[in-house]
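A structural walkthrough
Residues per chain, in single letters:
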Amino acid sequence: MAEPPPTLEPPWPPSPSQLCWSVDLTGWRPGTREWYWLLRLLPPHEQLAIHAAGAEPRAGLASRLLQRRAVARLLSPPPAPPLPYDAVAIGRTRGNKPFALTPRRPASCANLTFNVSHTPAAVLLAADPVLLVGLHLSPPFRQTFAQLREAYDGTLSPREWERLEALPAAARVAAFRVAWAAKTAYVKARGDGMAFPLAEVEVVVGRRGGKAAVAPAGGGVSLARWEGGEMKALPLWRVDVMETGEAEEGEWPLLAVARGPVSDAVDSVGDFVKTFTRPRIPHGEIRARLLTELPPFEELSIADLVPPHMREEYLQITAILDRPFNPPVTRPLRNSSRRPEPQLLAGEGTEFDIPSWIHPKNAGVEEEERRYFCWQIM
């Protein structure tokens, strides 16, 4: 007797705790006063991390504010007021995946996970109340396929390169973009990030409707991983890959969102996995949740990232930015006479004054000394 076909779970009902948010940075040019007012919403160690990163400080600040806005809302859902930002604690795995350390966990967010990605023009966040989630916004590649083959040789397996080379020449770069974005979102969801050898997971990429993607049941890109000398499918994972614009294919950043079971989380320290109140989820529920489509990305403004009770003050500040004012004075919280004093200078190419470690006048500050400086607005 033939076996009955497997029962497909219906899609899981959409959850208000599943967020997709975006912030457009193209028109945001903060002055010094606005910059430091927003910076003070973050704890000192996050302020220092933004300054030390050097490149794209606007995106770094918006990203960290967006994370706090999401956690404050999800851990205190309406009609309750959102958590104050100073009550929100955010940690990071060894792979740099952010997660909510705040112990408060409502039933609607048993395994709250989120991820962010940004370019100079935008910051995006995706959050899921039960599953792991990873997000990657990949700018267009300007290299030829031959150049990508040389530069990214270790990121795809030999079989994947063979499949790409079998495609028409005009489709190869687009297919590589899908594979790269999908793999990056997958390892960001797990928590180990680029420490994971990308060639060990394969993305099945082909042509469908003129687009370089394969969509199995549920609309995502299929994944498989080498285990025990053989390639095994990852049926409990889904990666959605999409263009972020309507111009010609390849001219806009490619967005990939990966979702999978929390049992696949990689956390060598253990603080991330300790936040899960439902570490074991039935496979049927996972598959049903993966069938649920992502909500559309909701666009937020910079003002939306400010706590509601402080928003009026922020809007007043932005309304008088054209008035002259004295720039804020900064000082290191911990310092000694033997350590060089960083200067409040703009790095080359920046549009506002921030303590910059890449400025030539700060070049004498050694890397091991930088961690001792923690800035505070006076």
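The name an unreviewed UniProt entry gives the chain is holo-[acyl-carrier-protein] synthase, with Prymnesium parvum as the organism.

1. Focus: the overall build of the chain
Along its length, the chain carries 9 helices and 14 strands. Within the span of the chain, comprising 378 residues, buried residues form 50% of the whole. At a minimum sequence separation of 6, the contacts of the chain that also span at least 24 residues come to 62%. Looking at the chain as shown, the accessible area adds up to about 18,500 Å², and 55% of this sits on carbon and sulfur atoms.

2. Quick notes on the pairing of strand S11 (residues 254-260)
Put simply, side chains in a regular strand alternate between the two faces of the sheet. Buried residues dominate S11, accounting for 7 of its 7 residues. Here S11 shows no split at all, with Leu254, Ala256, Ala258 and Gly260 on one side and Leu255, Val257 and Arg259 on the other all buried. In this structure, strand S6 (residues 132-138) lies alongside S11, joined through 7 bridges in antiparallel fashion. Of the residues in S11, the one forming a bridge with His136 is Ala256. Note that strand S10 (residues 238-243) and S11 share 6 bridges and pair antiparallel. Each residue of the ladder has a partner; that of Val239, found in S11, is Ala258.

3. Considerations on the pattern of salt bridges
Under the counting rule described, the total for this entry stands at 14 salt bridges. Of the charged contacts, one joins Arg190 and Asp192 as a salt bridge, the two residues approaching to 2.8 Å between their closest N and O atoms. Asp192 shares its class with Arg190; the two are buried. Linking Asp240 and Arg238 is a salt bridge whose minimum nitrogen-to-oxygen distance equals 2.8 Å. Asp240 gets classed as buried once you look at its relative accessible area, which sits at 8%. Residue classification places Arg238 among the buried positions, given a relative accessible area of 4%. Ionic contacts of the salt-bridge type, sharing partners, join the residues Arg238, Asp240, Arg259 and Glu293 into one network.

4. Let's talk about the environment of Leu255
Here Leu255 lies in strand S11. Along the sequence, Leu255 and Val178 sit 77 residues apart, while their C-alpha atoms lie 8.9 Å from each other.

5. Thoughts on the sheet that holds S11
In any sheet, the strands associate via hydrogen bonds between backbone groups, in a parallel or an antiparallel arrangement. The strand order across the open sheet built from 3 strands is S6-S11-S10, with neighbouring strands paired in antiparallel fashion. This sheet does not close on itself; its edge strands, each paired only once, are S6 and S10. Along the sheet, successive strands turn relative to each other by an average axial angle of 15 degrees, direction set aside. Along the sheet face, helix H6 (residues 169-190) touches S6, S10 and S11 and points at about 140 degrees away from the line of S6.

Quick notes on the rules
Residues numbered from 1 in each chain as written. Predicted model: local features only at pLDDT ≥ 70, side-chain atom pairs only at ≥ 80, totals over all residues. Heavy atoms only, no water. Helix = DSSP H or I, 4+ residues; strand = E, 2+ residues; numbered from the N terminus. Buried < 20%, exposed > 50% of the residue type's maximum accessible area, 1.4 Å probe, protein only. Contact = heavy atoms within 4.5 Å. Areas by Shrake-Rupley, 256 points an atom, 1.4 Å probe, with all protein chains shown as cover. Pairing = 2+ DSSP bridges. Salt bridge = Lys/Arg side-chain N within 4 Å of Asp/Glu carboxyl O. Axes fitted to C-alpha atoms, helices over the stretch in contact; angles between N-to-C directions.

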